[in-house]
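# Commentary on secondary and tertiary structure
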Amino acid sequence: MKYREYKNINYAEVADEVLEFWKKNDIFKKSVDEKEGAESFVFYEGPPSANGTPGIHHVMARAVKDIFCRYKTLKGYQVNRKGGWDTHGLPVELQVEKELGITKEDIGKKISVEEYNQKCREAVMKFKNEWDDLTEKMGYWVDLDDPYITFDKNYMETLWHLLKKFYDKDLLYKGYTIQPYSPAAGTGLSSHELNQPGTYRDVKDTSIVAQFKAKKTDATAKLFDGDEEVFFLAWTTTPWTLPSNAALAVGKKISYVKVKTFNPYTFLPVSVIVAKDLMGKYFSEKAKEIAFDDYKSGDKLIPWEVTGEFSGEDLVGMPYEQLMPYVTNDELEAKAFRVIPGDFVSTEDGTGIVHIAPTFGADDFLAAKLADVPGVMVKDETGKDVPLVDKQGRFVAEVTDYAGKYVKAEYYSDEENSAKDFKPTDVLIAIQLKEENKAFNVTKYEHSYPHCWRTDKPILYYPLDSWFIKTTAYKDRLVELNKTINWKPASTGTGRFGNWLENLVDWNLSRSRYWGTPLPIWVSEDKTEEICIGSIAELKVEIEKSITAGYMTEQIGEDFDLHRPYVDDVFLVSASGQKMYREPDLIDVWFDSGAMPYAQFHFMGDDPKADPVKEGGLKEVYPANFIAEGVDQTRGWFFTLHAISVMLFDKVSFQNVIANGLVLDKKGNKMSKRLGNAVNPFETLKKYGPDATRWYMISNANPWDNLKFDIEGVAESQRRFFGTLYNTYSFFSLYANLDGFTFSEKAIPLAERTESDQWVISKLNTLVKKVDEAYDEYEPTKAARLIQDFVIDDMSNWYVRLNRKRFWKGEYNEDKRAAYQSLYTCLKTVAKLGAPIAPFFLDRLYSDLNAVSGSENHESVHLSNFPVADEAAINIELEARMDMAQKISSLVHSLRKKERLKVRQPLAKIMIPVMNENTVSRVSAVKDLILNEVNIKEIEFLDDTSGVLVKSIKPNFRKLGKEFGPKMKDVSNLINAFDQDQIAEIEKNNSLTVDLNGEAITLTLEDVEIASQDIPGWLVASEGGITVALDINLTDELRQEGIARDLVNRIQNLRKDQGLEVQDKIKVSLRSDEEVVTAAVQAFNSYICEETQANELKLVDSLSAGQELDIDELKISAQIEVC
RNA sequence: GGGCUUAUAGCUCAGCUGGUUAGAGCGCUACACUGAUAAUGUAGAGGUCCGAGGUUCGAGUCCCCGUAAGCCCA
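Along each chain, numbering runs from 1 in the same order as the chain's sequence is written. Chains and ligands are labelled by the order in which they are written, letters from A for the one and numbers from 1 for the other. Where totals are concerned, whole chains, interfaces and linings use all residues; where local detail is concerned, this predicted model gives features only for residues with pLDDT of at least 70, and gives and counts side-chain atom pairs only at 80 or more. Water and hydrogen atoms were dropped before computing side-chain values, which therefore reflect all heavy atoms in the structure.

## Re the domain arrangement of chain A
By convention here, the domain bounds are inherited from an automatic or database domain assignment. What the domain assignment lists for chain A is domain 1 (200-376 + 428-444), domain 2 (709-867), domain 3 (951-1012) and domain 4 (1036-1122). Centre-to-centre, using C-alpha coordinates, domain 1 lies 69 Å away from domain 3.

## Here we look at helix α24 (residues 780-808)
Every helix listed is a DSSP run of H or I at least four residues long, and every strand listed is a run of E at least two residues long, numbered separately from the N terminus. One fewer than the residue count of a helix, multiplied by 1.5 Å, yields its expected span. Across its 29 residues, α24 extends only 37 Å between first and last C-alpha, which sits more than 12% below the 42 Å expected from 1.5 Å per residue. Given a residue, its bend is the angle between the two axes fitted to the seven residues that end at it and to the seven that start from it. The largest bend in α24 amounts to roughly 55° and is located at Val800. Positioned one or two residues after α24, Gly810 has a phi angle of 75°, which is positive.

## Some remarks on the side chain of Thr150
Take Thr150: it is sitting in the loop between β2 (143-149) and α7 (153-168). Pairs of N or O atoms are called polar contacts if they sit within 3.5 Å, as long as, within protein, a hydrogen donor faces a hydrogen acceptor (for residues adjacent in sequence, only side-chain-to-side-chain pairs). In this structure the side chain of Thr150 is engaged in a polar contact, spanning 2.5 Å, whose partner is the side chain of Thr87.

## Things to note about the UniProt feature "short sequence motif: 'HIGH' region" (unreviewed entry) in chain A
Here the UniProt-annotated "short sequence motif: 'HIGH' region" (unreviewed entry) positions come out as residues 48-58. Helix makes up 27% of residues 48-58 and strand 0%. Its end C-alpha atoms lie 9 Å apart. UniProt positions are given in the numbering used here, feature names are shortened, and annotations may be inferred rather than shown by experiment.

## Let's talk about the pairing of strand β33 (residues 999-1004)
Sheet analysis places strand β32 (residues 991-996) next to β33, joined by six bridges and oriented antiparallel. Paired with Thr993 across the bridge in β33 is Thr1002. If DSSP finds at least two bridges between two strands, the strands pair.

## Quick look at the side chain of Ser1117
As for its position among the elements, Ser1117 is in strand β40 (residues 1114-1122). Only protein chains enter the calculation, and the probe is 1.4 Å; a residue is then buried if its accessible area is under 20% of its type maximum, exposed if over 50%, and partly exposed in between. Judged by its relative accessible area of 10%, Ser1117 falls in the buried class. We call two residues in contact when some of their heavy atoms are within 4.5 Å. In this structure Ser1117 touches Ser1069, Leu1070, Arg1071, Leu1103, Gln1107, Glu1108 and Leu1109, once residues within four positions along its chain are discounted.

## Details of the sheet that holds strand β18 (residues 507-508)
On the basis of which strands lie adjacent, the open sheet formed by four strands has the order β4-β3-β16-β18 and antiparallel pairing. In the strand order of this sheet, the two ends are held by β4 (187-188) and β18, each with one partner. Pairing of strand β16 (residues 460-469) with β18 involves two bridges; the strand directions are antiparallel. Looking at β18, one finds that Phe468 is bridged to Asn508.

## Examining the environment of Ala885
Relative to the elements of secondary structure, Ala885 occurs in helix α27 (residues 876-899). Excluding residues that lie within four positions of it along the chain, Ala885 makes contacts with Trp798, Val926 and Ile930.

## Here we look at the packing of aromatic side chains
Any Phe, Tyr or Trp ring, taking Trp's six-membered ring, that has another such ring centre within 6.5 Å forms a pair; planes under 30 degrees apart are called stacked, those over 60 apart edge-to-face, and the others tilted. Inspection of every chain in the model, using the stated rule, returns 72 aromatic pairs. Between Trp487 and Phe638 the ring centres are 5.5 Å apart and the planes differ by 90°, which places this aromatic pair in the edge-to-face class. On the criterion of sequence distance, the pair formed by Trp487 in strand β17 (residues 486-488) and Phe638 in helix α20 (residues 634-649) is long-range, its members being 151 residues apart. Per residue, the accessibility class of Trp487 equals that of Phe638, and both read buried. The aromatic ring of Trp141 is capped on one face by Arg70, whose charged end is 3.8 Å from the ring centroid. To sit over a ring, a charge needs its Lys NZ or Arg CZ within 6 Å of the ring centre and within 35 degrees of the ring normal. For Arg817, the ring lying beneath its charged end belongs to Tyr812, and the centroid distance is 5.3 Å.

## A short note on the pattern of salt bridges
By salt bridge we mean one thing: a side-chain nitrogen of Lys or Arg within 4 Å of a carboxyl oxygen of Asp or Glu. If you walk through the whole model with that rule in mind, you get 63 salt bridges. The residue Lys23 makes a salt bridge to Glu136 at a minimum N-O spacing of 3.5 Å. One end of the pair, Lys23, is in helix α1 (residues 11-25); the other, Glu136, is in helix α6 (residues 128-137), with 113 residues separating them in the sequence. When its relative accessible area of 42% is taken as the criterion, Lys23 is described as partly exposed. Owing to a relative accessible area of 32%, Glu136 belongs among the partly exposed residues under this scheme. We note a salt bridge from Glu45 to Lys65, for which the minimum N-O separation is 2.9 Å. With Glu45 in the loop between α2 (27-33) and α3 (56-74) and Lys65 in helix α3, this pair connects stretches of sequence that are 20 residues apart.

## Remarks on the protein's contact with RNA strand B
Taken together, the neighbourhood of RNA strand B is formed by 45 residues, with Asn700, Arg904, Phe957, Gln1052 and Arg1055 sitting nearest. Nearness of a residue to a molecule or strand requires only that one of the residue's heavy atoms be within 4 Å of it. Among the atoms of RNA strand B close to the protein, meaning within 4 Å, 62% are from sugar or phosphate groups. The side chain of Tyr735 places a nitrogen or oxygen atom 3.1 Å from a sugar or linking oxygen of RNA strand B. Broken down by secondary-structure element, the contributors of at least two residues to the surface near RNA strand B are α16 (490-502), α22 (711-739), α24, α27, α30 (957-964), α31 (968-976) and α33 (1036-1057). For the surface near RNA strand B, the element with the most residues is α24, which contributes seven residues.

This is the structure we're talking about:
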């Protein structure tokens, strides 16, 4: 049996072959089944939506997921990975609407809801095949045969089950939030619609700085001097919201001043409160000097004077008179019309005091809610609270002066708008306030304001009914349990996610849509009775009652679809006998995905930890040990998983999470199909294969950093890492096949192997330990870089380079076997370590090795076990001295280079100054390696007694800093100025007392670093505390040996030129007049023969078909013949 | 507007709890090596460590304020 040899490896082809092999032999299934009974490692797949084609970033995201599942499998866990599809939601709907050329308004008119939803159902799986294809080709192991699908009936039933649990815990309620709303279109707008280009436009609105009159009470006493009138100034660009004013917000840390002045419209004396930083906007420096007595009504310059200063904190709680008292009630009088804190208040513009209308601004709503300020509302005919503006955008009757008027001029018809005496409502309000001494400043203000993309008219922020999950009730617990989750990177957990939890608002579940999970709540006609349905069985029971009551005619069938419009046709009966209608909302699709831990197994129980899956529980599959998804999911999937799990089951749903970054193009721009800079994953995989693609992505940047994807980088990974690994394997297999090495012999004990064998095995075991740690800490990039460095630097560029000869030279003896065994172990171990990241190529490497040795009983690396580091094989001291050997070799190479002395020319000796006992013992141990590597005959150690060393000294800052602190500079100067005698003294006595500005201080050896810097008269190089001197004198013998080596080299070239096989034996004839050449041939005859596989080497007087060899200036011709 | 991340050589990235000459790979230039050869070695060029302040004997590293890019949320 031979090791497989490759002519020109094609990595993509290898991957294809391996993929075939996996398929044919069910390797993925086996990797799970073989672990039956083992501890499970639970992974949750965040479901992608298959309504678009996959991109290169999906390769990244899925590589991350795959790596840890494979790693844990190697570590002995059973890792089930159920695939999934996210199928509901807006993107699907928009795509269908685009395809059909319809808008939302056409649904139910041009197309029935039934047909529409059918289209969505088809569209959502449109690219499933492409996704499955990518999954396979990139080597992402996930169960695609039995995925969960969010539109599946069972899946949706679990969602109802969970919603019912929220409902029963009193955590599901109907309320309102402020949402973008288009009165012209009569519909709320999604943030997606608001993000359409052209939505935000610059418009000029009437802006008013209104005067809110402070009430005189104990709380406001400090505002008043005598019987003046004091007003808070607040600015608004939406005057129509002023009748709904319920509070004024200030920044707690902002400074405010009270300014005594006159109202510019009524000329009445007033004192106004405004942020100190914004005073300049309203009061001119010029007017400051004017005496109050000189002021006459109508003067342009109005005198002013600062008469007090307050912090925002001081103002909080102060009551004021309602500005436009159309609507009030007891609750408002008790809680509203006072100053509250708002952390969004700034001194960028306005007055530093913000007018709060809780019914018409999201910030307003929240700030008011926090301060327990109710909104200004009236009751409609059904007794429900409604805002002062109706859904058409007109004031309600209670706002008497403006009843029926549109709040925005744009809502009037063009005709009305262009009438001669037409005035927009905002202007009318401004006029009224000016007359009533309630306006301090009225101007036109240009700002950007969102418009409805369908009607082109400005939108309103308007309170709309929604169903909420009361997440705020569990805020503390959500925060607390989040702290037990291992976030990668940690900052996403504490920062982005942690802050999000700290500032939690209730989760708005409602979506006014068609394609999604319907809210399972039915409400009676008078809205007083409601019921939440938690399962299909429950629904059937209610329908039975409804049939009896006469609201339904028949029971739903077995194939009943839980989607709209079918559920909308179900009417139930309330306890009091009323007909009940389903609340028309769908639920947020994030609830779909956040519920996947339960819904993927159709969980309908109460305690997910109670029973195994077989019996309807989730015992073995909840919570997840690991999930990974894009950082953009922080407030999406990560949050909904966490919220549902904590609120219903008081448990985290995932213990470790990687939030990976984006994949950008090589310039750092976002990839988009529109810009044409998107990388096609299929092309990349086809050209470079999945291994190089994955390796590049993982090794180049941490998954949580954005990756600037450069296809050249993939090529580099392939060349550098896979090329080197492949070369090493080729080298190994070439000679192992010749020698028939199959690792059938017993492993040679480490202690009996060479220094470099022991070293590479030591390095390998250190590697195993570190890589294991890196994977275990969810640091795939660290793992990849460690493996790569080992393969390239340690295994290939050092171990193989130094030991090449042992593989191709001489008998198949103990030493050779040790070399084969060491290299084999390295290759096999690397295959296992890297297999999670590059699953195809490393499976092939493993299998190629194992096919011959049969040392492991696994048909794939993915069925094998992760290596265990052998601590006994790790020898730190050995690694340290090899490090020294590398440094010394590098220094000698550098010296040779300077003197143009090629490595083939042997040199007599190098000298190394001895700094401590370690030097001698360490260097001695690796002496042969060094001599061999740099072609030197001897190493000589120089100690102090030689008297030739020139030393350098520098302060040990770390140590001295603690001791001397501020005096460091002087101490440092002192030490740098030491002469050779002083250095010698401190070395000898381990202490030296010197004078520091008149103070005697004692330094010890620990306070300084001494290095030998120079050996006068020799060629010297030093680096990192090691110094090497090179003897460049050539003796005749050295010269001859140099020539002999050159001859070997030239003869080898001839062999190669003539196409000889490695094992062919030859006869060599040489002819030269040069004495030094003939001497060299005589002296090194057997050496040359051995090196060149020659049976015979002779000097002749003439050659029939000799070839000229060019060695330095010497003339030689040579002829070789195969024996 | 708020939160978070990133910024180090032409490019991609290291740089641990602060320690004085900031590293690697790729790319570029020159030389060497040549039974691993589309490999390898050595050397060279290339840095306001995004900017400004501060803490410190000492800052790429810590603090503050900015700038730019990106993501999420308003």
